[in-house]
Amino acid sequence: MEKDNIYEQVKARLLGVADMIYQPFQVGPFHCELIYIQSIVDTPTMREAIVKPLLEEASRNEIDPLFITRVVTGSFFTLHSHHSDSAEAIVDDIVSGNAALYIEGISGMIHFALQNYQRRSVTESTNEVVVVGPQEAFIEDIHVNMSLLRHKIKHPDLKMVKFTIGKYTKTEVFVVYIQGLCKPDILENVLTSLGEIDMDSSLGVSYLSEFLEDHPLSPFPQYQYTERPDTVAAALLEGRIGVMQDGTPFSLLIPVTFFSLMQSSEDYYQRFHSASFIRIIRLLFAFIAFFLPSFYVAVTTFHPEIIPTNLLITIASARENIPFPALIEALIMEVTFEGLREAGIRIPKPLGQTVSIIGGIVIGQAAVQAGIVSAPLVIVVSITGIAAFIIPHFELGLAFRLLRFPVLFMGGTLGLFGIVISIYLIYWYMVGLRSFGVPYMQPFAPLVLRDIKDTIVRVPWFLMKKRPAAYVDADKKRQKT
Amino acid sequence: MKTLMNTSKMSVVLICALLCTGCWSKVEINERTFITAMYVDKGKKPGEIDLSLSMPLPNRLSPQGTGGPGKNPYALVSATGSTIGDAMEKIQTDLTRKISWGHTRVVVFGEAYAREGIQDTMEWISREPLFHLSSYIMVVKGRARDVADLTPVFEETPSDVLREFATQENMLKTQMVSVLSADKMNQGFAAPLLETRGATMTSENDTRKRWASQVGGALFKQMKMVDSISPDETRTIAWANRKLDTLAVSVETEDEKASLTVYNTSSKIKVRLVNGHPFFDITLRGQAELNSVIPILKVKDTVSVKQIEQKANEKVSASLTQAIRAGQHKKADILMLGYRLEWAYPRIWEQLRPVWNDYVKNELKFQVHAHINIQFVGSESSF
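### Brief notes about the overall build of chain A
1) Next: Looking only at helices and strands, chain A features 17 helices and 12 strands.
2) Next: Scaling as 2.2 N^0.38, a compact globule of 481 residues should have a C-alpha radius of gyration of about 23 Å, whereas chain A reaches 30 Å, well beyond that.
3) Next: Here the C-alpha coordinates of chain A stretch approximately 105 × 55 × 40 Å along the principal axes.
4) Next: Within chain A, the fraction of its 481 residues that count as buried is 36%.
5) Next: When contacts within chain A are restricted to residue pairs at least 6 apart in sequence, long-range pairs at least 24 apart make up 65% of them.

### Remarks on the domain arrangement of chain B
Residue and element names in this part refer to chain B.
1) Next: Looking at chain B, the domain boundaries give domain 1 (28–229) and domain 2 (236–383).
2) Next: Centre-to-centre, using C-alpha coordinates, domain 1 lies 31 Å away from domain 2.
3) Next: Each partner contributes to the interface: domain 1 provides 20 residues, whereas domain 2 provides 18 residues.
4) Next: Mapped onto the side of domain 1 that touches domain 2, the elements with two or more residues apiece are β8 (188–201), β9 (207–221) and β10 (224–229).
5) Next: For the side of domain 1 that touches domain 2, the leading source of residues is β9, giving four residues.

### Topic: helix α8 (residues 176–184) of chain B
Residues and elements named next belong to chain B.
1) Next: Within α8, the full set of buried residues consists of Met176, Ser178, Val179, Ala182 and Asp183.
2) Next: In this structure, the buried side of α8 is in contact with α5 (119–127), β7 (136–140) and β8.
3) Next: Of the residues flanking the end of α8, it is Asn186, one or two places downstream, whose phi is positive at about 60°.

### Brief notes about the sheet that holds strand β13 (residues 277–294) of chain B
Within a beta sheet, neighbouring strands are joined by backbone hydrogen bonds and run either parallel or antiparallel to one another.
All names here are of chain B.
1) Next: Reading across the sheet, the four strands line up as β11-β12-β13-β14 and stay open at both edges, with mixed pairing between neighbours. Strands at the two margins of the open sheet, each flanked by one partner only, are β11 (247–252) and β14 (365–376). Going across the sheet, the axis of each strand differs from the next one's by a mean of 40°, ignoring polarity.
2) Next: As paired elements, strand β12 (residues 257–274) and β13 share 16 bridges and run antiparallel to each other. Paired with Thr261 across the strands is Glu289, a residue of β13.
3) Next: Running at roughly 55° to β12, helix α9 (residues 231–240) makes contact with β11, β12 and β13 of the sheet.
4) Next: Seen against the sheet, helix α10 (residues 302–329) touches β11, β12, β13 and β14 and runs at an angle of roughly 145° to β14.

### Brief notes about the packing of helix α13 (residues 326–346) of chain A against helix α15 (residues 375–390) of chain A
All names here are of chain A.
1) Next: Where α13 meets α15, the axes come as close as 10 Å, and the angle between the chain directions of the two elements is 40°. Considering their axes alone, α13 and α15 lie oblique with respect to each other. The interaxial crossing formed by α13 with α15 has right-handed handedness. On the side of α13, the interface is formed by Glu329, Ala330, Met333, Glu334 and Phe337, while α15 contributes Leu377, Val378, Val381 and Gly385.
2) Next: Among the residues forming the contact of α13 with α15, the class breakdown is six nonpolar, one polar and two charged.

### Thoughts on the confidence of the model for chain A
1) Next: Summarising the model, chain A shows a mean pLDDT of 87, and 98% of its residues fall at 70 or more.
2) Next: Mean pLDDT values over the elements of chain A span from 78, in helix α14 (residues 349–369) of chain A, up to 94, in strand β9 (residues 241–245) of chain A.

### Let's talk about the interface of chain B and chain A
1) Next: Taken together, the contact pairs 22 residues of chain B with 20 residues of chain A.
2) Next: Those elements that provide at least two residues to the side of chain B that touches chain A are β1 (32–34) and α2 (58–61) of chain B.
3) Next: At three residues, α2(B) tops the list of elements feeding residues into the side of chain B that touches chain A.
4) Next: Looking at side-chain class alone, the side of chain B that touches chain A contains nine nonpolar, nine polar and four charged residues.

### Focus on the sheet that holds strand β6 (residues 158–165) of chain A
All names here are of chain A.
1) Next: Spatially, the five strands line up as an open sheet ordered β6-β7-β9-β10-β8, and their pairing is antiparallel. Pairing within the sheet leaves two strands with one partner each, and these edge strands are β6 and β8 (224–226). Across the sheet, the mean angle separating the axes of adjacent strands is 25° when strand polarity is ignored.
2) Next: Bridge analysis of β9 against strand β10 (residues 251–254) gives four bridges, and the strand direction is antiparallel. By the bridge assignment for β10, Val243 is matched with Leu252.

### A look at the nonpolar core
1) Next: By size, the foremost hydrophobic cluster in this structure holds 170 residues, and its most contacted members are Ile254(A), Val108(B), Met138(B), Val139(B), Val147(B), Ala218(B) and Leu219(B).
2) Next: In terms of residue count, helix α11 (residues 272–301) of chain A provides more of this core than any other element does, 10 residues in total.
3) Next: Every residue in contact with Leu219(B), bar those within four places of it in the chain, is listed here: Gly188(B), Ala190(B), Met225(B), Val226(B), Asp227(B), Ser228(B), Ile229(B), Ala326(B), Gly327(B), Lys330(B), Ala332(B) and Ile334(B).
4) Next: Counting residues in hydrophobic clusters, the runner-up holds 25 residues, among them Tyr7(A), Ile50(A), Ile94(A) and Ala99(A).

### Some words on the pairing of β8(B)
Residues and elements named next belong to chain B.
1) Next: Sheet topology places β7 next to β8; two bridges connect them, and they run parallel. Along β8, the bridge assignment pairs Val139 with Leu193.
2) Next: Summarising the sheet, β8 and β9 pair through 14 bridges and their orientation is antiparallel. What sits directly across from Phe189, in β9, is Phe220.

### Considerations on the packing of α11(A) against α13(A)
Residues and elements named next belong to chain A.
1) Next: Between α11 and α13, whose axes approach to 9 Å, the crossing angle comes to 160°. Here α13 runs roughly antiparallel to α11, going by the angle between their axes. Viewed along their axes, α11 and α13 form a crossing whose handedness is right-handed. Of the residues in α13, those touching α11 at Pro293, Tyr296, Val297, Thr300 and Thr301 are Ala326, Leu327, Ala330 and Glu334.

### Some details on the pairing of β10(A)
Residues and elements named next belong to chain A.
1) Next: The two faces of β10 match: Ser251 and Leu253 on one face and Leu252 and Ile254 on the other face are all buried.
2) Next: Where β8 meets β10, three bridges bridge the pair, whose relative direction is antiparallel. Paired with Tyr225 across the bridge in β10 is Leu252.
3) Next: With antiparallel pairing between neighbouring strands as the criterion, β9 and β10 make up a hairpin whose turn holds five residues, including Gly247 at a positive phi of roughly 90°.

What counts as what
- Residues numbered from 1 in each chain as written.
- Chains lettered and ligands numbered in written order.
- Predicted model: local features only at pLDDT ≥ 70, side-chain atom pairs only at ≥ 80, totals over all residues.
- Helix = DSSP H or I, 4+ residues; strand = E, 2+ residues; numbered from the N terminus.
- Rg over C-alpha atoms; globule rule 2.2 N^0.38 Å.
- Buried ≥ 20, exposed ≤ 12 C-beta atoms within 10 Å, placed from the backbone.
- Contact = placed C-beta atoms within 7 Å.
- Domains from an automatic or database assignment.
- Pairing = 2+ DSSP bridges.
- Axes fitted to C-alpha atoms, helices over the stretch in contact; angles between N-to-C directions.
- Parallel < 35°, antiparallel > 145°, perpendicular 65-115°, else oblique.
- Left-handed = near helix turned anticlockwise from the far one by under 90°.
- Nonpolar A, V, L, I, M, F, W, Y, C, P; charged D, E, K, R; others polar.
- pLDDT = per-residue confidence, 0-100.
- Core = buried A, V, L, I, M, F, W, Y, C linked by C-beta atoms within 7 Å.

Right, here's the structure in full:
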């Protein structure tokens, strides 16, 4: 049967797929078959919009002579449908949640987009919590995420470019941007890079980020993850570009600068005094996360004369019976802390309490009482541990936590001199780093005076009349009032 | 390729820089001992120095420390040598920890040693890079070592007591830096003078222990102690140096007996030329509160308040004048007036500099003005 060639091909391709449903029925003289996977197809809609009209047609005395034509052109069903001749395309559509209708006498099949994947409902953001401000967060379903984003920006200039990435996963990836705000060369760059990606799968948007970065070996992230639609919207309005992927509740924002990674969306919802204060605290703690352990080690082993006498005697008396050099002591504690932190994340939830109790007692008490580590160092390590989590973007916090170890070695072997060298090297590197062509330390290096208003402090909204120069192309003006 | 070259060049430079540092001198904090005070005395044999160092013992201070109660949390080690360096080496040889000078806050000289000259010690100190220039200098009547035995009632160690003597600004405080600069400028300075005595102390279960008190000032000229002055004079010197916190003054006018506390002390030393000769105006300013008046004074009685102020002014000026005269008598310019002169009239200073000591003794002219302003008369009953 020549007509059934495509039908046979489709069946052959789908051989061995046990959850396939082939639903045959008869409409007048036409033998029909509906092919779909029940778990991913919206069955009530299918019944209502496909099966019901067909059966109604079948129950008539006389079949409409134009029946076939109407089906093929898509005017028979109230649902969006299209006709396809290619067996490959049909199979791909079926496994991605379409229902395919085969009617004897028509070459190819009619598809209905009826995807109904299991998804959770939109919940509150858990990783980027804000006190004041929108609470909703992205979920795994890209269409829900789109709806959340479109809810924020209602403008035809909000553009989306779709990619399908992954030979097996066929993951939908959208590049979203606002035409006229984002820099075309960055956009071009991103689109080209995404077009060139040829992977088996892309299960998280992080798979893509490493392909997009200019400096993939750098410890500093050159992109930003967010699970908040408002953050994406704000970034797009600054002229940045978002990459959203189906199946992941995070979207990627590019380009970034160091200071954009030090900002939280909370900053814009709170009063500018408190937001500015918090930002300064954050910078301070970022610095602490970098340098406190190494500073402690350097000062106690090389330069005890700069510690006030009373404090020095306190430290000395706490360190009196410690068998290890300060550097080793600090390393033990830092590594233990990192281990505990990781264990705290990976541990099954019911056991979480156990780990934190054991960890707290082991680190905080037993180690000090046993005389293995000194109490001041425990304080130093705990403050450092907390400090790294104050950085609003997890990836940047990771970079800080990693770089702490080389700095610790430098401080422990060369004293403050080593720390100064480390600061110099890190700063040197950061100044040279670029995220998609945007200097990482902008607006400080290069200096853009008018953009400093939104870095260390946040000025009130009525003073932020222009978009940051780092990202924006043409329309620099943000607001009139 | 170019960046690779740059990076490798940069790393070579960096490695060289790293190797050039002297920072391999890592010493753990529990391998050091921190000298908190240094006591220098004349040795028994002529030309010998008796050096004592006091240091805290952190192991006895620690909450889980092995030292039981009753043991002192500080140690005192002494040695004799012909120079500070010799004595130091003897001490270091017997110590299990490395001596660190970074926390020496007090240097105490015995009177006998001070009268012979503290030049050697100061020279050694100024060459020790870790020694803080802000350390305090003191002189003890008798032996300096005796002060190290004082009983620290409020503080942990005797050296804390000495340090607090200076930082509280109750009497005089003299820092290393002013001593060194006075020496370089061929001028004098005053240092606090201490005395130790035995006292029965309630806090020590009524046992007889050693107690130290500040009993005045020691005047120095060219690193030699030349004279001593009374506590009142010492306080006014501190006031003129702007290093006095408060000062209690008791005066008797015709009608009343009053005592007042001066606070917010400040001073100004100005030099002007009178007939081509420098003339120094030393102004002491301060606000005061009235502590007691007998008979009871009414606030309205401004005349009496003025009288009390005037009496206090006179008393303070007299003390300072006397202190400066005492220095003058020994050719010591204890307020470093020459420094002011250099600042204002460098040419005249150049002429006077070689003969400054004699000039101070014979020709120095100055006037002390005191302006004490009573701000609070205190509360008083209305009947």
